[in-house]
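# Secondary and tertiary structure notes
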Amino acid sequence: MLTIRIRFFTILAILFFAFASKGQVSIGDSISVVDFPFVNYEADTLINARYLAPFFDKLLKLENGDTNQISILHIGDSHIQSDFLTSEVRRNLQLRFGNAGRGLVFPLKVAGSREPEDYRSSSKSDWAVAKINSPTRYPVPGISGISMRSVENSAYFDIITYNHDDLDYSFNQITLIHAKDSLQFDCRITDSPEKKGYLMSAQPDKGDDCITIVPFGQPSNYLRIKAEQTESGQSSITINGVILQNNKPGIIYNSVGINDAHFNDYNNSPLFFSQLKILKPDLVIISLGTNEGSNIKVNENEIVASVGTLLKGIKAAYPGVCLLIATPADNYFRKKYVNPYLETVERALMKTADHENVACWDMYSVTGGFGSCSEWNNADMLLPDGIHYSKKGYILQGSLLYKALVDGYMKYIAE
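Procedures and definitions
- Residues numbered from 1 in each chain as written.
- Predicted model: local features only at pLDDT ≥ 70, side-chain atom pairs only at ≥ 80, totals over all residues.
- Heavy atoms only, no water.
- Salt bridge = Lys/Arg side-chain N within 4 Å of Asp/Glu carboxyl O.
- Helix = DSSP H or I, 4+ residues; strand = E, 2+ residues; numbered from the N terminus.
- Core = buried A, V, L, I, M, F, W, Y, C linked by side-chain atoms within 4.5 Å.
- Buried < 20%, exposed > 50% of the residue type's maximum accessible area, 1.4 Å probe, protein only.
- Contact = heavy atoms within 4.5 Å.
- Phe/Tyr/Trp six-rings, centres within 6.5 Å; stacked < 30°, edge-to-face > 60°.

## Section: the pattern of salt bridges
For side chains of opposite charge, pairing can occur when their charged atoms come near one another. Scanning the model with the defined rule gives 17 salt bridges in all. Between K315 and E356 there is a salt bridge whose closest N-O contact spans 3.9 Å. Of the two residues, K315 is situated in helix α8 (residues 300-317) and E356 in the loop between α9 (342-355) and β18 (359-361); the sequence distance between them amounts to 41 residues. A cluster of three or more residues bridged by salt bridges with shared partners is formed by D83, R90, R102 and D118.

Have a look at this one:
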């Protein structure tokens, strides 16, 4: 009887989403239920969705209470760094399946870069910073695509998370991803600048040389990490990222975006792959290709090769993970010409997804394809640079990705 009821409600949900795909989409923030004529709702579906079956099965177990938490990692370039698109997907998934925490964050503002809206970092210490596309990669960038290092004893940074949209982003466990050797400072991890907190040893322990897990006695929206020299040989502290989570069942949606990043920037970052297992991702979503598509010499075979290398690296680092490639949305070339090179990128990504047996979400087609950027611009959803979308535009794109994911999930459990 329970199985029949599940299938009945599943069919109702599929009918609802099928109706929505004909032009009605509900998204949060500044966009209401509206029909956008430039969006190709019929294309808003997952290609090769069968390759996401293990992920969908875990979602079903999460809904049924048979598993506790699911981890998703979404990597990309500046479109992802702003977190507007990913925050919409995160918000909707967590409202539906449960909120297990904010996930991976990095003190981007301290590092001199743009930061998502749901947390803020601050520091008065001096930090050296390197990204996966920096000319010199020291400190070596890790899972966050960016790392920072300080030689100051008592160097610190603070992170404050903000609750929104009925989602509580307080945390009672932090995982610090960092360098751990005899040259590294120990450091204090506290939920208040006045407390002594937990003294982290920089010495490797339990065979794991890059993380320290610290439970808090009660949920907090505040975190301070402060270097502390305890031995004369210690000379620096290196930070690769911080994972903020709670002990509730639900989704952890991690996002990593680096401005101007290409596929090969990730491929040439071995520490990114070696630290991937820390997140234990059930699904990795890849949103890259915009920067490859800004090159008049773009070559389809070269893109196929670089994407294939990235997929193989992820699979080798964390076997069994599900993968989803998202093609980039349309944009302007040199601010005034409709970009003819993104179609080459789209073909390469879809070809690679098919060849490598991974799923694909063709956002290029969903958002209207060649020339559609002018319509997004007319709707005030494109920024003056002709490449980046407004917050409203990214939220719409995020809602379309969420819908494609949930549609795929509902079809999976109906079968």
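## Observations concerning the nonpolar core
Core analysis: the biggest nonpolar cluster contains 67 residues, and I174, I189, Y266 and I286 have the highest contact counts within it. In contact with I286, other than residues within four places in its own chain, are I75, F263, L310, L311, I314, L323, L324, I325 and A326. Ranked by size, the runner-up nonpolar core spans 46 residues in total, among them L85, L93, L401 and L405.

## Looking at the packing of aromatic side chains
For the structure on display, the rule yields 14 aromatic pairs. On the numbers, 5.9 Å between centres and 50° between planes, the contact of F55 with F56 is tilted. Of the two residues, F55 and F56, neither departs from the other in class, the shared state being buried. On the basis of an interplanar angle of 50° and a centroid distance of 6.3 Å, the ring pair of F56 and Y409 is categorised as tilted. Taken together, the positions of F56 in helix α2 (residues 53-63) and Y409 in helix α12 (residues 391-414) put the pair 353 residues apart, joining distant regions of the chain.

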